[in-house]
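Single-letter residue listing:
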Amino acid sequence: MTIPEVTGEMAQQQSAEELWSTLSTSPRGLSSEEARSRLAQFGANALEEKKVNPILKFLSYFWGPIPWMIEIAAVLSAIVQHWDDLTIILILLAFNAIVGFWQEYKAANALEALKKQLALLARTLRDGQWQEIPADQLVPGDIIRLRLGDIIPGDVKLYEGDFLSVDQSALTGESLPVSKKAGDIAYSGSVAKQGEMVALVTGTGANTFFGRTAKLVQEAGAASHFQKAVLQIGDYLIYLSLGLVAVLILVQLERGDPLLKLIQFALILTVASIPVALPAVLSVTMAVGALALSKLKAIVTRLESIEEMAGVDILCSDKTGTLTLNQLTLGEPIIFAAHDQQELILWGALASKEENRDPIDLAVLAGLEDKQVLAGYRQTQFMPFDPVGKRTEGTVNDAENHIFKATKGAPQVIMALCRLEPETAAKAQKVVDDLAAKGYRTLGVARAAATGVWQFLGILPLFDPPREDSQETIADARQHGIQIKMVTGDNVAIAREISQHLGLGTNIRSASQLLKDCEDICHLRPEEATAIDAADGYAEVFPEHKYGIVQALQSGGHIVGMTGDGVNDAPAIKQADVGIAVSGATDAARAAADLVLTAPGLAVIVKAVEEARRIFERMNSYAIYRIVETIRIMFFVVLAMVFFNFYPITAIMIILLALFNDAPIMAIAFDRTLVDPRPVKWDMRRVLTISTVLGLIGVLETFLILIIAKNWLKFDIPEIQSFIFLKLAVAGHLTLFVARTPRMFLQKPHPAPVLLWSAVATKVLATLFVVYPFGLITPISWKAVGIIWAYCLVWIFIEDLAKLAVLRHLQMSGPGHRRFMQLVKRCTHPFCAGRKETSGRTASSAGGR
């Protein structure tokens, strides 16, 4: 039997009895068989996720401009029957696809593991018995029991029980719990704070208030800033390669070379020169970063967001639970009729009930220095807090069996109950006002004999204290160039007090005042956007304000991070450059976020930024290395053929060179790097200048050794080709070691062992290959090998000095003078010493900012 879908409006309008009929259920619940049938009809009680077919995902690595060029080269190799070339080309193509797919697959599994850890249970009446089942197995028509602390697993109609106090802040932005009674609707994702009730499930999964809101948040598909920059580099290398290849083809056709052979060689040369490994290197580096972050209690949901974190300069942080403990704590009590502070707290504790786990009751009880004092009293009755009376009351017997009443609640209510003299009432009101200005909530406490009048004992201040690590973390964030702006729903006074205590500043602005005349933040007047930018934090913030705040900051050129936990936070989280779902966030917030935190506090965010900047430096090193290699290989090969009229290396050598270079380059994802003290952005002028200088030096040194091999060593052409092949193979990763740091390459941080030894291993293989080539190329002697290694080791120092000179020139002519000194201050080379004396200024990285 098909069960109709109950809309939110239907659930509101119909009584529980009518809904039982509509959903074909009863207070006895469903049978297991009926529940299975409904699960098949309505689906799992979870937000639907878009899943990509793994086969299609794998095949996507064979589609695109770079894979196309490799595939064309393979076809041409088959046509001219160069089977060795064809085999190596196919190995290169498969290698890039397998590594990229596997690493991205592993990173995706990290998020899946997190979701399994967060699975919820629901107490459900099935087959006439109460049992706990996974919340995603819940179906419309189920009967569930809700009690203190439960996350409501679906939209429900409450029908049995006294009341249920529900925290809907994650969905509606309401800061205070809402009291629900029989006949009311409670929404999926809200939290039961007090009471216990039985309810009928009316909607699950996407057919809930929670699910419908989550659907409004669309998946963003734009490439990140970092990807765009790297792809621009890729385009530049492709155009440069194609231009040089065109020159090569024209010259060699004029000399009478066979067209098909020439095209095949030119295509292989192009493939070897452009960033063939770019997709795989990006995937590996991002995936390794994601796995590293997961160990820091931060799960990455979108790999590209790691790159954006490196450039974040403003972080909008929730106050509650992120900057503070989200745990009410007792402040310094203010005494009126009580003998001392502990007596005041005692009578407040006697008006509390620990079993209810109410945050205010627990804070008062925690203020007792000796809880054993409660053993002298027996609580015989307790009246819990309700929104109308605004106080709790306990009836107690002392050790001598005298009966007393104790009450605590809103100060105005308690003062009215005690009928204070005007002078005393004015004094108490001033205390309340003064504490409120400092960010404290307050409770009045009173007691009375069984039949006596109420006596006003004093006032208990309550506050949510900052986390112990917040100040240190905020200072650490500033050291990383990140400005933290507090975002809270509290009033301005409370927000300003907390902000001042944390050292965030006191320019706290009301979000409703900043955004009062603008529905769309994009249309704010410049002075209004400037006010948002200048504020140290924002108070009285509703979830819809967050979206406007993010847009205003982005319009000022900032890269913005935004934390959030509720369904209504999801649009702002998605709009931010880096959206962060804090610990305990709703599924909708996690689905919109780039980073999901599983530990409270800001410290994990700062660690994530540090890791992102390391990743940026790794990718920056790769970008410079790739440009250098393209210039080195393309210019050398084309110019050598133009001037000497022979192929300085063969097609199979070019493909082998690409494999030897690309295999260890994957290890750059694990490299040790400097952490830039400021947000990092691409400086293409610096990247291209350093790359061009190092690349042209590489062309010069390769031409020089070609002349040595031809004129002094008297090698024939096949020997020269093997000689040049080894030179290019050995020099390749030596250049990477130069490009990976702005210091002398021998200075710390040294290359990670996996990068160092993978490079050494491939160079050893290349060396053995030219000595024992298995008939694929002409062998050369060990003497020739020694000449090449010694030659390359000398030139690495020349390249390193040139790099430092370029950095010096760029800093002399550009901004950011002080930053290079922070990174090269331990350099002991005479060049560095001279640099310190002359300007004390240098670059932050070979290509950063």
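Residues numbered from 1 in each chain as written. Predicted model: local features only at pLDDT ≥ 70, side-chain atom pairs only at ≥ 80, totals over all residues. Heavy atoms only, no water.

A. Broad picture of the environment of Ser-781. Inspection of the secondary structure assignment puts Ser-781 in the loop between α29 (753-771) and α30 (782-812). Each C-alpha atom of the pair Ser-781 and Val-770 lies 8.5 Å from the other, and the pair is eleven residues apart in sequence. (Helix = DSSP H or I, 4+ residues; strand = E, 2+ residues; numbered from the N terminus.)

B. Structural view of the packing of helix α27 (residues 684-712) against helix α28 (residues 717-739). Two elements in contact, α27 and α28, have axes whose closest approach is 11 Å; the angle formed by their N-to-C orientations is 150°. When the axes of α27 and α28 are compared, the pair comes out roughly antiparallel. The chirality of how α27 crosses α28 is right-handed. Across the interface between the two elements, Leu-694, Gly-698, Glu-701, Thr-702, Ile-705, Leu-706, Ala-709 and Lys-710 of α27 pack against Ile-720, Phe-723, Ile-724, Lys-727, Leu-728, Ala-731 and Val-738 of α28. Looking at the contact of α27 with α28 residue by residue, the class counts come to ten nonpolar, two polar and three charged. (Axes fitted to C-alpha atoms, helices over the stretch in contact; angles between N-to-C directions. Parallel < 35°, antiparallel > 145°, perpendicular 65-115°, else oblique. Left-handed = near helix turned anticlockwise from the far one by under 90°. Contact = heavy atoms within 4.5 Å. Nonpolar A, V, L, I, M, F, W, Y, C, P; charged D, E, K, R; others polar.)

C. Looking closely at the pattern of salt bridges. What the rule picks out here adds up to 21 salt bridges. The partner of Asp-361 in a salt bridge is Lys-408, with the nearest N and O atoms 2.6 Å apart. Here the residue Asp-361 occupies a position in helix α15 (residues 359-366), and Lys-408 occupies one in strand β15 (residues 403-409), the gap between them amounting to 47 residues. Look at Asp-361 and you get buried, because its relative accessible area is 3%. Classification of Lys-408 by relative accessible area gives buried; the value is 2%. Each member of the salt-bridge network shares a partner with another, and the members are Glu-629, Arg-632, Glu-701 and Lys-727. (Salt bridge = Lys/Arg side-chain N within 4 Å of Asp/Glu carboxyl O. Buried < 20%, exposed > 50% of the residue type's maximum accessible area, 1.4 Å probe, protein only.)

D. Structural context of the packing of aromatic side chains. Applying the stated rule across the entire model yields 14 aromatic pairs. Consider the rings of Phe-336 and Phe-456, whose centres lie 5.2 Å apart with planes at 75°: the pair is edge-to-face. Of this pair, Phe-336 sits in the loop between β12 (334-335) and α14 (341-350) while Phe-456 sits in strand β17 (residues 455-463); the two residues are 120 residues apart in sequence, bridging distant segments of the chain. Judged by centre distance (6.2 Å) and plane angle (50°), the rings of Phe-644 and Phe-646 are tilted. Aromatic ring contacts, followed pair by pair, group Phe-636, Phe-644, Phe-646 and Phe-703 into a single cluster. Above the face of the Trp-130 ring, Arg-145 is positioned so that its terminal group lies 4.7 Å from the ring centre. Above the ring of Phe-336, the side-chain terminus of Lys-427 is found at 5.1 Å from the ring centroid. (Phe/Tyr/Trp six-rings, centres within 6.5 Å; stacked < 30°, edge-to-face > 60°. Lys NZ or Arg CZ within 6 Å of the ring centre and 35° of its normal.)

E. Structural detail: a nonpolar patch on the surface. Side chains of Trp-757, Val-760, Val-764, Leu-765, Leu-768, Tyr-772 and Trp-782 sit close together on the surface and give an oily, nonpolar patch of about 720 Å² of accessible area. Broken down by element, the nonpolar patch gets its largest block of residues, five residues, from α29. (Patch = residues over 30% accessible without salt bridge, like charges linked within 9 Å, V, L, I, M, F, W, Y side chains within 5 Å. Areas by Shrake-Rupley, 256 points an atom, 1.4 Å probe, with all protein chains shown as cover.)

F. Highlighting helix α16 (residues 411-418). Those residues of α16 that sit buried are Pro-411, Ile-414, Met-415 and Cys-418. What you see down the axis of α16 is that its buried residues fit within an arc of 100°, all on one side. Those residues of α16 that are buried lie in contact with β14 (391-397), β15, α17 (422-437), β16 (441-449) and β17. Once α16 ends, the next one or two residues include Arg-419, with phi positive near 50°. (Arc of directions from axis to C-beta.)

G. Examining the sheet that holds strand β23 (residues 595-597) more closely. The strand order across the open sheet built from eight strands is β9-β23-β22-β21-β10-β18-β20-β19, with neighbouring strands paired in mixed fashion. Of all strands in the sheet, those with a lone pairing partner are β9 (298-300) and β19 (508-510), marking the two edges. Adjacent strand axes in the sheet meet at a mean angle of 20°, parallel and antiparallel pairs treated alike. Two elements, strand β21 (residues 560-564) and strand β22 (residues 578-581), share four bridges in a ladder whose sense is parallel. (Pairing = 2+ DSSP bridges.)

H. Quick look at the pairing of strand β1 (residues 121-126). Of the strand pairs in this sheet, β1 and strand β2 (residues 129-134) are connected by six bridges, and their pairing is antiparallel. From the neighbouring strand, Arg-123 faces β2, where its bridge partner is Glu-132. Hairpin connection of β1 to β2: two residues between the antiparallel strands, including Asp-127 at a positive phi of 55°.

I. Spotlight on unusual backbone geometry. Omega for the peptide link from Lys-748 to Pro-749 comes to 0°, which places this bond in the cis form. Examined against the element boundaries, Pro-749 turns out to sit in the loop between α28 and α29. Positive phi, close to 65°, is recorded for Asn-401, a residue that is not glycine. When you line up the elements, Asn-401 lands in the loop between β14 and β15.

J. The nonpolar core, seen in detail. In this structure, Phe-265 and Phe-725 are the most contacted members of the largest nonpolar core, which totals 134 residues. Ignoring any residue separated from it by four or fewer positions in sequence, one finds Phe-725 in contact with Ile-649, Met-653, Leu-656, Leu-657, Phe-660, Ala-766, Phe-769 and Val-770. Counting residues in hydrophobic clusters, the runner-up holds 20 residues, among them Leu-344, Val-396, Val-445 and Leu-460. (Core = buried A, V, L, I, M, F, W, Y, C linked by side-chain atoms within 4.5 Å.)

K. The arrangement of the confidence of the model for the chain in detail. Taken over all residues, the pLDDT of the chain has a mean of 80, while the share at 70 or more is 83%. Note on residues 518-522: pLDDT under 50 across the span, and ten contacts to partners over four residues away in sequence or across chains. In the model, residues 826-849 has pLDDT below 50 throughout and makes 88 contacts with residues more than four positions away in sequence or in other chains. (pLDDT = per-residue confidence, 0-100.)

L. Representation of the pairing of β22. Of the two faces of β22, both are covered, the one formed by Val-578 and Ile-580 as well as the one formed by Gly-579 and Ala-581. In the sheet, β22 pairs with β23 via two bridges, with the strands oriented parallel. Residue Ala-581 lies in a different strand from β23, and its bridge partner there is Val-596.

M. Seen up close, the environment of Ala-290. Locating Ala-290 in the fold gives a position in helix α11 (residues 278-295). For Ala-290, a relative accessible area of 4% gives the class buried. Linking Ala-290 and Val-300, residues ten residues apart in sequence, is a C-alpha distance of 5.7 Å.

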